[in-house]
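Chain residues, written in single-letter form:
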Amino acid sequence: MCQYKRIYAIGISSILLVLGSCGNNFTTEQKDGYVSVKNKGATELGYTPESGVTLLTVDKYAFKDLNKNGGLDPYEDWRLSADERAKDLASKMTLEDISGLMLYSSHQSIPGASHGFGSSNYGGKPFPESGAMPSDLSDEQMKFLKEDHLRHVLITKVETPAIAAQWNNNAQAYVEGIGFGIPVNTSSDPRHGSDSYAEFNAGAGGAISMWPGTLGIAASFDPMLMRKFGEIASKEYRALGIATALSPQIDLGTEPRWSRFDGTMGEDPDMATDMARAYVDGFQSSKDGNWGTESVNAMVKHWPGGGPEEGGRDAHFGYGAYAVYPGKNIKDHMQTFIEGAFKLDGPTQKAAAVMPYYTISSGEGEKVGNGFNKYLITDVLRGEYGYDGVLCTDWAITRDVSSVDKFEGKSWGVETISVAERHYKAIEAGMDQFGGNNAMGPILEAYKMGVAEHGETYMRQRFEASAVRLLKNIFRVGLFENPYLEIAETEKTVGNPEFMTAGFEAQLRSVIMLKNQNKVLPIKTKKKVFIPKRYIAPSTNWWGVVTPEKTESPFNNEVVAKYFEIVESADEADFAMVGINSPDGGVGYDKADLEKGGNGYVPISLQYSPYTASHARETSLAGGSPFEDFTNRSYKGKSVKTNNTTDMALVNDTKSKMGNKPVIVVVHVSKPMVFSEIEKSASAILIHMGVQDQALLEIISGSKEPSALLPFQMPFDMKTVETQFEDVPRDMEPYEDADGNLYDFAFGLNWSGVIKDDRVDKYK
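Predicted model only: the values in this text are computed from it and were never measured.

**Q** What is the right way to read the overall build of the protein from this model?
**A** Looking only at helices and strands, the protein has 21 helices and 34 strands in total. Relative to the 2.2 N^0.38 estimate, which gives 27 Å for 764 residues, the radius of gyration of the protein is 27 Å and therefore close to what a compact globule would have. Based on the C-alpha atoms only, the size of the protein along its principal axes is roughly 90 × 65 × 55 Å. Classification of the 764 residues of the protein by burial places 61% in the buried group. Considering only contacts in the protein between residues 6 or more positions apart, those separated by 24 or more positions represent 71%. Looking at the protein as shown, the accessible area adds up to about 28300 Å², and 50% of this sits on carbon and sulfur atoms.

The structure is reproduced here in structure tokens:
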């Protein structure tokens, strides 16, 4: 039997255990609560002896005996392909093991919140009262990891990168001793924004590099910048223990009123396709371009394209359940998947996973949500296009729902069947995994339904097929070998100066200059600036969190003061800088209309002034819900008011106060908007999709030149919005400003004037 020699390495605190006379090709080292095993010229392993896992020596290399049977199983052999290992392990797993693998957890924060969304308990108490460490596993996490066999965890807020890394190590050590030792595959929604820009971005917390949202990066018209983001973000993700990205959102932004427009890569199918390919390549490719320990699985969303929502209403609610194709143009929406995410430049070949949207795609198979639609999933995605990666439902599609306007389950088209029946229908449609589901009970029930219909052999093979797909994504990124993190390395990696600089440079390249009358920009530093305070109306978000009204400076005045002298009145100022948001024109549904005898459906406005939908459809293209006794969701002739109409007043009032002195308007844009109400009051207009104030001031002061282009059209008026087709890109009449410039796709200004370069030639 081989004997170990203890060797104390000089200058470091860890102890090296080096094999002596046996001549084996590995060494071990104690690290942050785990043992690191370095196979010479081969795979590094990590494990915790407390879990019961031991090392096996085969051909002088080390392997982990994860199932503790004393022999090397194919799934434990890192020399084999991910496909071989996944098939071996899937064949060994119990029905409960596979059912747990098919779960994707609800949103988890680290530590868990004491109440409300993401709340958790520690030893039966809320975190502040528990005495627990912030990196400890919550009661709920231990339950779903052990009792429900869940292995895919979605995290939101983390207190610090170090705490996230320690939580990862705690979670991996916990599951390593259970069953087959399948590691946790942690995931995240986008968390690199310099501002809140994406649905369900519950806030990253911790120090991480700050970038514009994908729509902002798309404004660079440079897919290589998107790829660079992916390469850097994947390194930070893996340092946090995140091996799957619930991104990118590659829906086309062809419907300008959609609330998730700012999560897209614009409305042009060709550019969005190139951007989607670059994003996935950046996330999935490791050092040599192949799968590896720096790779992050990309889950592209939302098949077959979530953009063409009728009237712009969103499918998180029953009132927005339908996607429509008046231009018969579903192919453009599929293009970002088929020609982008599934045709990568790198050796990983295809995006690792796909998430369908909540929508019922009108006229495309059965009238059910996409996650239940066998035609779109099995016939088209799997069959016609040959996609064999993981298919994961969007969150909560199997939960119950009680109305069209409550934020609860999203089981559109299957509201009246049971939770277990919804699971079975999704499995029959071809889905592998259920987002937001922590309990395996309904999957076990679905299995029994399948056995009754197809027999035991069929259902076991069907479940193993999903297990193989899910396991391959865990094997390929190296989690079975070493899922543990070095805390110090995490702290060095996440948000390091190089990554922060790259993110800031990307922010600079995402700011679009739409107007620069008489070349008023740039403005020399130390000039006197007047910044009118902005009123923010009270609001309630999807989670029910209320934001009270407030009046505040739209910019960080400490940052502004480094560039210009801030004065209190327009009379004292050399110029004014006005910060506003694009119009917040509602969600397309209002209970007050229902109470007045209407159908509840109202317009979504992209202008600040009150709007009446005179040009809307007489009859909606789609409709129908168990909670409604009608199918026509038309809102023609109805009126709405915009929540932030005071932003328009702020611009126009400031112009009145400033007279002939320059008024610089900076708009944080979440979707297209009608500029006619404010453009004439602005000497210059800059728009952005989420950047730091410093980036804006670098451009305003002339330190940097604007270079970004519009990745979407700005509409001339609401008539062109109402008469465009939800599924067709670039079909609106664009706004023309006082200088004669059209705010069309691929328009933007630099100091010299209208930008005309290779980017414009390629995509316009």
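**Q** Would you mind showing me how to read the sheet that holds strand E19 (residues 390–391) here?
**A** Whether parallel or antiparallel, the strands of a sheet pair through hydrogen bonds between backbone atoms. Read from one edge to the other, the open sheet built from 7 strands follows the order E9-E12-E13-E14-E15-E17-E19, with strand pairing classed as parallel. Each edge of the open sheet is held by one strand with a lone partner, namely strand E9 (107–110) and E19. Relative to strand E12 (residues 152–158), E9 is paired through 3 bridges, and the arrangement is parallel. Residue pairing across strands places Gln-108 opposite Ile-155, the latter belonging to E12. Against the sheet, helix H9 (residues 330–341) touches strand E15 (297–303) and strand E17 (353–356), its axis set at about 155 degrees to E15.

**Q** Whenever I open this one, the pairing of strand E14 (residues 242–245) confuses me. Can you help?
**A** Successive residues of a regular strand alternate their side chains across the two faces of the sheet. Here strand E13 (residues 185–188) runs beside E14; their pairing, made up of 3 bridges, is parallel. Bridge pairing in E14 places Ser-187 opposite Thr-244. Pairing of E14 with E15 involves 2 bridges; the strand directions are parallel. Considered in E15, the bridge of Thr-244 is made with Asn-297.

**Q** So what exactly am I meant to see when it comes to a negative patch on the surface here?
**A** A contiguous patch of negative charge, built from Glu-565, Glu-568, Asp-571, Glu-572 and Asp-574, is present on the exposed surface. Structurally, the position occupied by Glu-572 is in the loop between strand E27 (565–567) and strand E28 (575–581). Given the relative accessible area of 43%, Glu-572 is considered partly exposed.

**Q** Would you explain the packing of aromatic side chains in this entry?
**A** Aromatic rings considered in pairs are described by the distance between their centres and by the relative angle of their planes. Evaluation of the coordinates by the stated rule reveals 33 aromatic pairs. Judged by centre distance (4.6 Å) and plane angle (15 degrees), the rings of Phe-342 and Tyr-387 are stacked. Linking Phe-342 in the loop between H9 and E17 with Tyr-387 in the loop between helix H10 (374–384) and E19, this pair joins segments that are 45 residues apart in sequence. Taking the centre distance of 5.1 Å and the plane angle of 80 degrees together, the rings of Tyr-589 and Tyr-601 count as edge-to-face. Of the two residues, Tyr-589 sits in the loop between E28 and helix H17 (591–595) while Tyr-601 sits in the loop between H17 and strand E29 (611–612), which places them 12 residues apart along the sequence. This pair shows no difference in class: Tyr-589 is buried, exactly as Tyr-601 is. Clustering of aromatic rings is evident, with ring pairs tying together Phe-317, Tyr-319, Phe-407, Tyr-589, Tyr-601 and Phe-630. Across the ring face of Tyr-358, the terminal group of Lys-410 is positioned such that the distance to the ring centre comes to 5.9 Å. The ring centre of Phe-407 lies 3.9 Å from the NZ or CZ of Lys-410, which sits over that ring.

**Q** Looking at this structure, I do not really get the packing of helix H11 (residues 419–429) against helix H12 (residues 441–454). What am I missing?
**A** A pair of packed helices is captured by two measures, namely the crossing angle of their axes and the spacing between those axes. The contact between H11 and H12 brings their axes to 8 Å, and the two run at 65 degrees. Remark: the crossing between H11 and H12 carries right-handed chirality. Here Val-419, Ala-420, Glu-421, His-423, Tyr-424, Ile-427 and Glu-428 of H11 lie close against H12, whose contacting residues are Pro-442, Ile-443, Glu-445, Ala-446, Met-449, Gly-450, Glu-453 and His-454. In the contact of H11 with H12, the residues fall into 8 nonpolar, 3 polar and 4 charged.

**Q** Where do I start with H9 in this structure?
**A** Residues three or four positions apart in an α-helix share a direction because the helix packs 3.6 residues into each turn. Between its terminal C-alpha atoms H9 stretches 17 Å, which fits the 16 Å expected from 12 residues at 1.5 Å a residue. Taking burial as the measure, the 12 residues of H9 include 10 buried ones, the bulk of the element. Turning to H9, its buried residues number three or more, namely Ile-330, Asp-332, His-333, Met-334, Gln-335, Thr-336, Phe-337, Ile-338, Gly-340 and Ala-341.

**Q** How do you make sense of the pairing of E12 when you look at a structure like this?
**A** Along E12, 6 of the 7 residues are buried, which leaves the element largely enclosed by surrounding structure. As paired elements, E12 and E13 share 4 bridges and run parallel to each other. Paired with Ile-155 across the strands is Ser-188, a residue of E13.

**Q** Whenever I open this one, the nonpolar core confuses me. Can you help?
**A** Burial of nonpolar side chains together is a common tendency in soluble globular proteins. Judged by nonpolar contacts, the single largest core of 142 residues is most densely connected at Trp-303 and Leu-471. For Leu-471, the contacting residues outside a window of four places in its chain are Ala-86, Leu-89, Ala-90, Met-93, Leu-101, Ile-182 and Phe-480. Judged by nonpolar contacts, the second largest core, of 63 residues, contains Ile-531, Val-666, Ala-682 and Leu-749.

**Q** How should I be thinking about the pattern of salt bridges in this particular structure?
**A** Any two side chains of opposite charge can pair, on the condition that their charged atoms come close. In this structure the tally under the stated criterion is 42 salt bridges. As a salt-bridge pair, Lys-472 and Asp-83 come within 3.6 Å of each other at their nearest N and O atoms. Of this pair, Lys-472 sits in helix H13 (residues 456–476) while Asp-83 sits in helix H1 (residues 82–92), and the two are 389 residues apart along the sequence. Asp-281 is paired through a salt bridge with Arg-227; the nearest N and O atoms lie 3.7 Å apart. A residue pair is termed long-range when its members are at least 10 positions apart, and Asp-281 in helix H8 (residues 269–284) and Arg-227 in helix H7 (residues 223–239) qualify at 54 residues. Bridged by salt links that share partners, the residues Glu-255, Arg-257, Glu-310, Arg-617, Glu-722 and Glu-726 form one connected network.

**Q** How should H13 be read in this particular structure?
**A** For H13, which comprises 21 residues, the first-to-last C-alpha distance of 30 Å matches the rise-based estimate of 30 Å (1.5 Å per residue) to within 8%. Listing the buried residues of H13 in full gives Met-459, Arg-462, Phe-463, Ser-466, Ala-467, Val-468, Arg-469, Leu-470, Leu-471, Asn-473, Ile-474 and Phe-475. Just past H13, the residue Gly-478 takes up positive phi, approximately 85 degrees.

**Q** What exactly am I supposed to notice about unusual backbone geometry here?
**A** With glycine set apart, most residues show a phi of negative sign, and most peptide bonds adopt trans. That bond from Ile-110 to Pro-111 is cis: its omega, -5 degrees, falls within 30 degrees of zero. If you trace the backbone, Pro-111 turns up in the loop between E9 and strand E10 (121–122). Positive phi, close to 50 degrees, is recorded for Lys-328, a residue that is not glycine. Along the chain, Lys-328 falls in the loop between strand E16 (322–323) and H9. Phi angles above zero are rare outside glycine, and Ala-746 is one such case at about 75 degrees. In this structure, Ala-746 sits in the loop between helix H20 (718–723) and strand E33 (749–750). Judged by relative accessible area, which is 4%, Ala-746 ranks as buried.

**Q** Please explain the confidence of the model for the protein as it appears in this structure.
**A** Caution applies to low-pLDDT parts of the model: their predicted coordinates are not meant to be read in detail. Across the protein, the average pLDDT comes to 93, with 95% of residues at 70 or higher. Note on residues 1–21: pLDDT is under 50 here. Beyond four places in sequence and across chains, it has 34 contacts. For the stretch residues 195–206, pLDDT sits under 50, and the model shows 34 contacts to residues farther than four places along the chain or on other chains.

**Q** Help me understand the side chain of Lys-638 in this model?
**A** With respect to the element layout, Lys-638 can be found in the loop between E29 and strand E30 (639–640). From its side chain, Lys-638 meets the backbone oxygen of Tyr-601 in a polar contact 2.8 Å long. When neighbours within four sequence positions are excluded, Lys-638 is seen to be in contact with Asp-593, Gly-598, Asn-599, Gly-600, Tyr-601, Val-602, Pro-603, Tyr-611, Thr-612 and Ala-613.

**Q** Can you walk me through the environment of Tyr-563 in this structure?
**A** Position of Tyr-563 among the secondary structure elements: in the loop between helix H16 (557–560) and E27. Expressed as a C-alpha distance, the spacing of Tyr-563 and Lys-526, which sit 37 residues apart in the sequence, is 5.9 Å. If near-sequence neighbours (up to four positions away) are discounted, Tyr-563 is found in contact with Thr-525, Lys-526, Gln-694, Leu-697, Glu-698 and Ser-701.

**Q** Which parts of the structure should I look at to understand the environment of Ile-474?
**A** Summarising the element assignment, Ile-474 is placed in helix H13. Once residues within four sequence positions are removed from consideration, Ile-474 is found in contact with Leu-101, His-152, Ile-182, Pro-183, Asn-185, Leu-479 and Phe-480.

Calculation rules
- Note on numbering: residues in each chain are counted from 1, in written sequence order.
- Selection of residues for local features in this predicted model requires a pLDDT of at least 70, selection of side-chain atom pairs for listing and counting requires 80 or more, and totals for whole chains, interfaces and linings are taken over all residues.
- Derived side-chain values reflect all non-hydrogen atoms in the structure, with water molecules and hydrogen atoms excluded from consideration.
- By the criteria applied, helices consist of DSSP H or I runs no shorter than four residues and strands consist of E runs no shorter than two, each listed in order from the N terminus.
- Based on C-alpha atoms, the radius of gyration is set beside the globule rule, defined as 2.2 Å times the residue count to the power 0.38.
- A simple rule labels every residue: compare its accessible area, found with a 1.4 Å probe on the protein chains alone, to the largest value its type can have, and call it buried under 20%, exposed over 50%, or partly exposed in between.
- The criterion used for residue contact is that any of the two residues' heavy atoms lie within 4.5 Å.
- Methods summary: accessible areas were calculated by the Shrake-Rupley approach with a probe of 1.4 Å, and residue burial reflects only the protein chains presented.
- The rule for pairing is simple: two strands pair if DSSP sees at least two bridges between them.
- To obtain each axis, a line is fitted to C-alpha atoms, and for helices this fit is confined to the stretch in contact; angles are then taken between N-to-C directions over 0 to 180 degrees.
- Candidates for patches are residues over 30% relative accessible area with no salt bridge; among them, like charges are joined within 9 Å and nonpolar side chains (Val, Leu, Ile, Met, Phe, Trp, Tyr) within 5 Å.
- For this analysis, a salt bridge means a side-chain nitrogen from Lys or Arg found within 4 Å of a carboxyl oxygen belonging to Asp or Glu.
- Positive charges come from Lys and Arg alone, negative charges from Asp and Glu alone, with His and the N- and C-terminal ends not counted.
- By convention, the charge on Lys lies at NZ, on Arg at CZ, on Asp at CG and on Glu at CD.
- Between rings of Phe, Tyr and Trp, where Trp is taken as its six-membered ring, a pair exists when centres lie within 6.5 Å; planes separated by under 30 degrees are stacked, by over 60 edge-to-face, and by other angles tilted.
- Geometrically, a lysine NZ or arginine CZ counts as sitting over a ring once it is within 6 Å of the ring centre and also within 35 degrees of the ring normal.
- It is the rotation of the near helix from the far one that decides the hand of a crossing: anticlockwise by less than a right angle makes it left-handed, clockwise makes it right-handed.
- Ten residues, namely Ala, Val, Leu, Ile, Met, Phe, Trp, Tyr, Cys and Pro, are considered nonpolar, four, namely Asp, Glu, Lys and Arg, are considered charged, and the remaining ones, Gly among them, are considered polar.
- Working rule for helices: expected span equals 1.5 Å times residues minus one.
- By nonpolar core is meant a set of buried Ala, Val, Leu, Ile, Met, Phe, Trp, Tyr and Cys residues that side-chain atoms within 4.5 Å join together.
- On a range of 0 to 100, pLDDT expresses the predictor's confidence in each residue.
- Polar contact criterion, stated in full: a pair of N or O atoms within 3.5 Å, where within protein one must be able to donate a hydrogen and the other to accept it, and residues adjacent in sequence count only if both atoms are side-chain atoms.

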